[in-house]
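# An overview of the molecular structure
Here are the chains, one letter per residue:
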Amino acid sequence: MSSDLKSKFLEVYETLKSELIHDPAFEFDDDSRQWVERMLDYNVPGGKLNRGLSVVDSYKLLKGEEELTEDEVFLACALGWCIEWLQAYFLVLDDIMDESRTRRGQPCWFRLPKVGMIAVNDGVVLRNHIPRILKKHFRSKSYYVDLLDLFNEVEFQTASGQMIDLITTLVGEKYLSKYSLSIHRRIVQYKTAYYSFYIPVACALLMFGENLDDHVQVKDVLVEMGTYFQVQDDYLDCFGAPEVIGKIGTDIEDFKCSWLVVKALELANEEQKKLLNENYGSKDPGSVEKVKELYHTLNLQGVFEDYENKTHEKLVKSIETHPSNAVQAVLKSFLGKIYKRQK
């Protein structure tokens, strides 16, 4: 990723933010304008920006040798920021639901003394900024309605994935028997894969003049990639080095439907299942250690490596059947970024 593209991308953020806090549809005063600006700066640009930058990357690959115009770069960046806004909206509300303490190395927005439950409305405001950005910059485009449909559909899928996650992880109903690979797959597909992997490429395809109905195979490959990405995440939560991944994993304590626990349940004998049922979801460090020891006993690191290699091979084969070399390049660039990642 060239640093000039990233600085261009951040420039576009400043432009969009300025437009939003001077939106003629609402009469801002200094206090409200300042609140929105602080809220945006705190929640929107802080991450790795992978999803947003992927729109620009993908559009470039679709265009091939042809140089992008200033306008095309701006529009691709604007769509990238819409995805980052969507992410910020989910994370602000997710952190409240999960009672999280930190996010991206700083306290969660709702944990700030002056914010508290105002964060719920801030989430709603973030969500409403997306159609404002789309209206201002894409209203006259032939693909405008397709963009609106895309963002609405992906938001619905993500919220529904979050719902299955929340009702499956209901505290007080700690039955591991509910957890299986199929439920893990559904949660991941809807909660993560669509908005992290599919939407950036879908935005680039729409800008390029493509009809999304002609690219169901692309969607399937990206959702499969998103699933693989989340399995890596589950693995790193337990086996990754905290100083590398930037967070201390708590999936075991939080009774998460992690790929590791699902695999462990598949491989465990009755006695080992009993150990899992007694210790999984417990905050006690001793219990967590017992679960991790079982993961080692069951050689989940080896099982994961096997999964990683098989999935990579399967994805490459699937990508190489695509008729368009440009689309293949987009998909391979995505896969290259995540294969064997350490964080």
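Thresholds applied
- Counting starts from 1 at the beginning of each chain's written sequence and moves along it residue by residue.
- Given that this is a predicted model, residues contribute local features only at a pLDDT of at least 70 and side-chain atom pairs are listed and counted only at 80 or more, while totals for whole chains, interfaces and linings are drawn from all residues.
- In computing side-chain values, all of the structure's heavy atoms are included and hydrogens and water are not.
- UniProt positions are given in the numbering used here, feature names are shortened, and annotations may be inferred rather than shown by experiment.
- In DSSP terms, a helix is any run of H or I states spanning at least four residues, a strand is any run of E spanning at least two, and both are numbered starting from the N terminus.
- Here the globule rule reads 2.2 Å times residues to the power 0.38, and the radius of gyration is calculated from C-alpha atoms.
- Remark: exposure states derive from per-residue accessible area (1.4 Å probe, protein chains only) relative to the maximum for the residue type, with buried under 20%, exposed over 50%, and partly exposed in between.
- Using a 1.4 Å probe, the Shrake-Rupley method yields the accessible areas, and only the shown protein chains count as cover for residues.
- The pairing test for Phe, Tyr and Trp rings, Trp by its six-membered ring, is centres within 6.5 Å, and the orientation test on the planes gives stacked under 30 degrees, edge-to-face over 60, and tilted for anything in between.
- Domain delimitation in this document rests on an assignment produced automatically or drawn from a domain database.
- Contacts: residue pairs with any heavy atoms within 4.5 Å of one another.
- Summed over both partners, the accessible area (1.4 Å probe) lost when two parts come together is defined as the buried area.
- The term salt bridge refers to a side-chain nitrogen of Lys or Arg lying within 4 Å of a carboxyl oxygen of Asp or Glu.
- Within this analysis, patches are made of residues with over 30% relative accessible area and no salt bridge. Like charges are joined at 9 Å or less; nonpolar side chains (Val, Leu, Ile, Met, Phe, Trp, Tyr) at 5 Å or less.
- In summary, the charge assignment counts Lys and Arg as positive and Asp and Glu as negative, without counting His or the chain termini.
- Charge positions are represented by NZ for Lys, CZ for Arg, CG for Asp and CD for Glu.
- Note on terminology: a nonpolar core comprises buried Ala, Val, Leu, Ile, Met, Phe, Trp, Tyr and Cys residues joined through side-chain atoms within 4.5 Å.

Identification of the protein chain as Farnesyl diphosphate synthase 2 from Taraxacum kok-saghyz is taken from an unreviewed UniProt entry. According to its UniProt record, the protein chain has this under Cofactor (unreviewed entry): "Mg(2+)". Quoted verbatim from the Sequence similarities (unreviewed entry) field of UniProt, the annotation for the protein chain is "Belongs to the FPP/GGPP synthase family."

### Regarding the overall build of the protein chain
For the protein chain, the count of helices and strands is 14 helices and 2 strands. In terms of overall dimensions, the protein chain is globule-like: its C-alpha atoms have a radius of gyration of 21 Å, near the 20 Å expected for 343 residues. Overall, the protein chain is about 65 × 55 × 30 Å in size when its C-alpha atoms are taken along their principal axes. Across the 343 residues in the protein chain, those meeting the buried criterion constitute 51%. Here the protein chain displays about 17000 Å² of accessible surface, and carbon together with sulfur accounts for 51% of that area.

### Let's talk about unusual backbone geometry
With the exception of glycine, most residues fall at negative phi, and the peptide bonds are largely trans. The phi angle at R104 is positive, at roughly 50 degrees, despite the residue not being glycine. As for its position among the elements, R104 is in the loop between β1 (102-103) and β2 (106-107). For F255, which is not glycine, the phi torsion reads 55 degrees and is therefore positive. Examined against the element boundaries, F255 turns out to sit in the loop between α9 (242-245) and α10 (259-267).

### A closer look at the packing of aromatic side chains
This model, assessed by the stated rule, comprises 22 aromatic pairs. Arranged with centres 5.3 Å apart and planes meeting at 40 degrees, the rings of Y179 and F255 form a pair that is tilted. Here Y179, found in the loop between α6 (144-168) and α7 (181-207), pairs with F255, found in the loop between α9 and α10; they are 76 residues apart in sequence, far enough to count as distant. Owing to a relative accessible area of 5%, Y179 belongs among the buried residues under this scheme. On the basis of relative accessibility, which here comes to 2%, the residue F255 falls in the buried class. An angle of 90 degrees between the planes, with centres 6.4 Å apart, marks the rings of Y194 and Y198 as edge-to-face. Of this pair, Y194 and Y198 both sit in helix α7, 4 residues apart, which is roughly one turn of that helix. No difference in accessibility class separates Y194 from Y198, as the two residues are buried.

### Let's talk about the domain arrangement of the protein chain
The assigned domain composition of the protein chain is domain 1 (1-140) and domain 2 (144-342). Between the C-alpha centres of domain 1 and domain 2 there is a distance of 24 Å. Contacts between the two partners involve 28 residues from domain 1, matched on the other side by 27 residues from domain 2. Carbon and sulfur atoms make up 73% of the area that domain 1 and domain 2 hide from each other, which totals about 2600 Å². A per-residue breakdown of the area domain 1 buries against domain 2 is headed by R51, L61 and L62, which together make up 24% of the total. Applying the counting criterion to the domain 1 and domain 2 interface returns 2 salt bridges.

### Structural notes on a negative patch on the surface
A cluster of acidic residues, D146, D149, D213 and D214, forms a negative patch on the protein surface. Note on placement: D213 falls in the loop between α7 and α8 (216-239). Judged by relative accessible area, which is 62%, D213 ranks as exposed.

### Re the nonpolar core
Generally speaking, nonpolar side chains in soluble globular proteins are found buried as a group. Judged by nonpolar contacts, the single largest core of 112 residues is most densely connected at W85, F151, M225, L276 and Y295. Each residue touching L276, except ones within four places of it in the same chain, is listed here: L176, V261, A264, L265, V291, L294 and Y295.

### Brief notes about the environment of V244
The topology assignment puts V244 in helix α9. Residue class for V244 comes out partly exposed when judged on its relative accessible area of 38%. If sequence neighbours within four positions are ignored, V244 has contacts with Q342 and K343.

### Some remarks on a positive patch on the surface
Together, K48, R104, K247 and K343 make up a positively charged patch on the protein surface. Given the relative accessible area of 61%, K48 is considered exposed.

### Topic: the pattern of salt bridges
Following the criterion strictly, the structure yields 19 salt bridges and no others. One salt bridge connects E14 with K17, and the closest N-O pair in it is separated by 3.3 Å. With E14 and K17 both in helix α1 (residues 3-20) and 3 residues apart, the pair spans about one turn of that helix. The class of E14 is partly exposed, set by a relative accessible area of 41%. What makes K17 buried here is its relative accessible area of 4%. In this structure, K63 and E72 form a salt bridge, with 2.9 Å as the shortest nitrogen-oxygen distance. The pair K63 / E72 is uniform in exposure class, with both members buried. Within this structure, E14, K17, E37 and D41 form a network of salt bridges that share partners.

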